[in-house]
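These are the residues of each chain, in order.
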Amino acid sequence: QTFGRRDGQHCFRLMGRKICCSTMPGLTPVQVLDMLLDPDSQLQAVRDIKNAIIGNRKKKTAFNSAGAVPRLVEILRAAKGELLGDGDDQRPVATTSFARTPAMHPGHNGTSVQARSEVVVHAVAALGSFAFGSLEGNAAVMAAGAFPLLKQLLHSGNLKIVVGVARTMKILLEGNPLASQHIFRHSQDAGPIAAGPAGGRVQHCGDDTVQRLLYLISEGQEGTSDVAASLLARACQTRQQQLALSRARVWEITDGLLASSPKGQEAGLDLAASMVRGNSEQAALMLRRPSTNLVVLLGYVRHRRPFTRLLACTCVASAVACGALPLEKHQHEVSAVLHTAIKLLFAEPHKGIKEAAPNIVALLMGNNVALQLAASDAGLIPLLVSQGEAQGASTREKIAAMSCLECMAADSEDYRTQIGGAGGMRLISMCMRDRMCSDVVLISACSLLLALSRSVRNLRTYIGDEAELGGDLCRILRSNRSVQLKARLGAAVCNLCIDFSPVRSQLVANGVLPILIALLSPTKDVVSDCAGGLLGIVDRNGAGTGDFAGAASDGPGDELGEGEEGSVDGEKDQCWYEVRLNAIWGLRNLSYKSDTDFKERLLQQLGGMRLLGMLDPMRMAAAPGGWGGQEADMLAHTLGMARNLCHGTPCGARAVLLAVGGVGGGRGMPQLLEAMAGCLSDDAPSHIAVEAIGTLSNMAANCPEMRLAVGMHTVVLGRLCTALTSGQRGPRVLSEIGWCLVNLSPPKTQAENVASGQEEVCSAVEGGRIGAARPVDRPPGIRGIANERGLGG
């Protein structure tokens, strides 16, 4: 019950107490939410919720847990009917104009509509505050169904509601770019030309929301056009959406913004930057236009307003990244833009600049050595590390800082060392230890860790000095985190599992072995999903020794782009494959030069039947892509793991023999050899054949029983002979075959103890039936090895 004022603030009675509405001391979030049910106190309750959560994460979490977001969305849903018309009609109202005063609706007096409009304004602002700077809050607002309601309220006749809705939708799109598809849902449909404001015409692009935003921008209303332009810039994410806006004459509208107030200029640059992101055609069009050519953009780069400089740098960086602005012709201009972006990082404390400037620097540098050197000389690396470590750094600040550091470390050993020395591992460990850290931040941390772990020096120093890193990695792999995070984390673990990495022992001690085995066939009970992307993963070639042990590797192959043609389900399927591939790759690296006890534990937990199933090449016929598909890569690394297990001491090969020997009533070893023979077929690619021959070589070198079985398997021997004599295999395959024959053929001093199977192989080699390859195709080391072992030609 409102009864008066105290210091200019409304007061009311609640349960017999006199309470100041602006602070509400002693009230729990649940009690405050109960006030929303009372129409008389609803406006003040919404306003106080908004004021309480602004800049206060603890209160955001408390009110979100109490269910504030669904309550606020229900208020919007109830008010929509009064403000837009029939509450059951989902169609927006006319978009030709809007008034400055609240719209009147039949059946409601002016006072009630005015109060309802005020409630909507504060509720929309509160939802934006919940979503701002918090991925969890953003997800909660989206899950409550706020976005479709906001999209309809954008057609309101109330100026304050329109501006507030546009700001909140912009915040939601920054945290969830996929929501842009709701704005451009019908943008591919061509439509008639709709009447625009005086001085121009706006072409209809097939969606009422986009049409409404374009009209608001072109109308030139101060305080509205810039907000609408910023919202449209956040919504424009794909080439199709860029094309739809270009057909709707958005560049002419941008010209009007650039010719208006400073705020309008920033909105115009923001919209131009979104139009050229990853689109060389639109970037070239931008550079040809008189209002946005390179000379004009460089003028904005030197503007007195920091955000104008930032957005102009973004336009130039996007043009450089997509190739529309060649570096070799504009090195001086691009260098000036790079130094401006770095100076903004040093000089401007605004979080928006610190979140965007590192991305601009990364786009400008790319793979250009000269620009990377200039950025390093300017002190960029320690600045980015300190930005990520700073207390109170936002999620976007951390992601931007680590992504820029990863860009510098991608191809330069020197920069990897500099990042490690500047405290890059300290930043990564801080993110790993934070149990409340979001998945997107951890993905960036894992990507930076992957880049740093490609340096042997970093592995043995800065990374090895982190005593708790292995435990943190295993904890995250066990948790119910997103599949994108586990795919990226698995790639980093591959590098940390190589034999000379100090973190390898930490990982083994914290139980990485059963984790990787479980991830070989992950289910959605093991890993959850989230929106996110994957970055590139690089591999390193190792060298075998002795009897050709499989070389350890440090991460899977190709870079995964964000193909806009692909669906979200396709991206998730790719991530599931990455999780499996990283798991088998990690097991391969762990098995390299490992002790017998570890090999026995690996085989025991994996199981002989599962190992045989993973080695079966017959599944290539049904797999998508066949020998050139993803399953072929899985097979190659499984062969590499088996090769490593058989390497070294006889105990490893015997452990494999015991694991597969009892499968199928003694049929395990024949099945294994049949799988090896299938990997030597003419259809099998060379890298599969190399791993299969290396596995056979290690089996024959370290286990007499396996040597006998291989020597008596006519299909395996026949395909080895075919590979030697056909002339279709490369030197690597022929070299592997030479080692395999050497290991199948014992020295002369033990010839009398050889079983008939090996004697047949020896006679075949000495008789020249296998050694018929042309001399030009034969690797130079095979003849010397054969002479040393007494095998003659």
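Because the structure is a prediction, the values reported are computed rather than measured.

(A) Just the overall build of the protein, in detail. Across its full length, the protein carries 42 helices and five strands. Here the contacts in the protein between residues at least 6 apart in sequence split such that 71% fall between residues at least 24 apart. If you sum the accessible surface of the protein, you get close to 33500 Å²; carbon and sulfur atoms cover 53% of it.

(B) Main features of unusual backbone geometry. A positive phi is found at Arg 249, a non-glycine position, where the angle reads about 65°. Take Arg 249: it is sitting in the loop between α12 (239-247) and α13 (250-258). On the accessibility criterion, Arg 249 (36% relative accessible area) is partly exposed.

(C) Main features of the pattern of salt bridges. Counting across every chain of the model gives 21 salt bridges. Across the pair Arg 305 and Glu 266 runs a salt bridge, and its minimum N-O distance is 3.0 Å. In this pair, Arg 305 sits in the loop between α16 (294-301) and α17 (306-321) while Glu 266 sits in helix α14 (residues 262-276), placing the two residues 39 residues apart along the sequence. Taking relative accessible area as the criterion, Glu 266 reaches 11% and is therefore assigned buried. One continuous salt-bridge network, built from bridges that share partners, spans Arg 588, Arg 643, Glu 691, Arg 732 and Glu 736.

(D) Up close: the confidence of the model for the protein. With 78% of its residues at a pLDDT of 70 or more, the protein has an overall mean of 79. Here residues 1-23 is modelled with pLDDT under 50, and outside its nearest four sequence neighbours on either side it reaches 42 contacts, counting other chains as well. Contacts for the low-pLDDT stretch residues 748-758, under 50 throughout, to residues beyond four places or in other chains number ten contacts.

(E) Here's a closer look at the side chain of Ser 455. Its place among the elements puts Ser 455 in the loop between α25 (439-452) and α26 (456-460). At 3.2 Å, the side chain of Ser 455 forms a polar contact with the backbone nitrogen of Asn 458.

(F) Quick peek at helix α35 (residues 650-661). With twelve residues, α35 should cover 16 Å at 1.5 Å per step; its first-to-last C-alpha distance of 16 Å lies within 8% of that length. Inspection of α35 places Gly 652, Ala 653, Ala 655, Val 656 and Val 660 among the buried residues, and these make up the whole buried set. The arc that holds the buried residues of α35, viewed along the axis, is 155°, so those residues lie on one side. In this structure, the buried side of α35 is in contact with α32 (596-606), α33 (608-615), α34 (630-645), α36 (668-679), α37 (686-702) and α38 (704-711).

(G) Up close: the state of the cysteines. In total, this model carries zero disulfides according to the counting rule given. Its sulfur unpaired, Cys 404 is 6.2 Å from the next cysteine sulfur, which belongs to Cys 407. Classification of Cys 404 by relative accessible area gives buried; the value is 1%. Not part of a disulfide, Cys 446 finds its nearest cysteine sulfur in Cys 431, a span of 9.4 Å. According to the relative accessible area criterion, Cys 446 is buried, its value standing at 1%.

(H) Geometry of the packing of α14 against helix α15 (residues 280-288). At a minimum axis separation of 7 Å, α14 and α15 run at an interaxial angle of 140°. Viewed along their axes, α14 and α15 adopt a mutual orientation that is oblique. Counted together, Ala 272, Met 275 and Val 276 of α14 and Gln 282, Ala 283 and Met 286 of α15 form the full contact between these two elements. In terms of residue class, the contact of α14 with α15 is built from five nonpolar, one polar and no charged.

(I) Here's a closer look at the packing of helix α19 (residues 351-365) against helix α22 (residues 395-409). It is at 8 Å that the axes of α19 and α22 come closest, and there the two elements cross at 15°. By the angle between their directions, the pair α19 and α22 is classed as roughly parallel. Relative to α22, the crossing made by α19 is left-handed. Residues Lys 351, Lys 354, Glu 355, Pro 358, Asn 359, Val 361, Ala 362 and Met 365 of α19 touch α22, and the partners they reach there are Arg 396, Glu 397, Ala 400, Ala 401, Cys 404, Cys 407 and Met 408. When the residues that make up the contact of α19 with α22 are grouped by side-chain class, the tally is nine nonpolar, one polar and five charged.

Cut-off values and rules
- Residues numbered from 1 in each chain as written.
- Predicted model: local features only at pLDDT ≥ 70, side-chain atom pairs only at ≥ 80, totals over all residues.
- Heavy atoms only, no water.
- Helix = DSSP H or I, 4+ residues; strand = E, 2+ residues; numbered from the N terminus.
- Contact = heavy atoms within 4.5 Å.
- Areas by Shrake-Rupley, 256 points an atom, 1.4 Å probe, with all protein chains shown as cover.
- Buried < 20%, exposed > 50% of the residue type's maximum accessible area, 1.4 Å probe, protein only.
- Salt bridge = Lys/Arg side-chain N within 4 Å of Asp/Glu carboxyl O.
- pLDDT = per-residue confidence, 0-100.
- Polar contact = N/O pair within 3.5 Å; in protein donor to acceptor, adjacent residues only side chain to side chain.
- Expected span 1.5 Å × (residues − 1).
- Arc of directions from axis to C-beta.
- Disulfide = S-S within 2.5 Å.
- Axes fitted to C-alpha atoms, helices over the stretch in contact; angles between N-to-C directions.
- Parallel < 35°, antiparallel > 145°, perpendicular 65-115°, else oblique.
- Nonpolar A, V, L, I, M, F, W, Y, C, P; charged D, E, K, R; others polar.
- Left-handed = near helix turned anticlockwise from the far one by under 90°.

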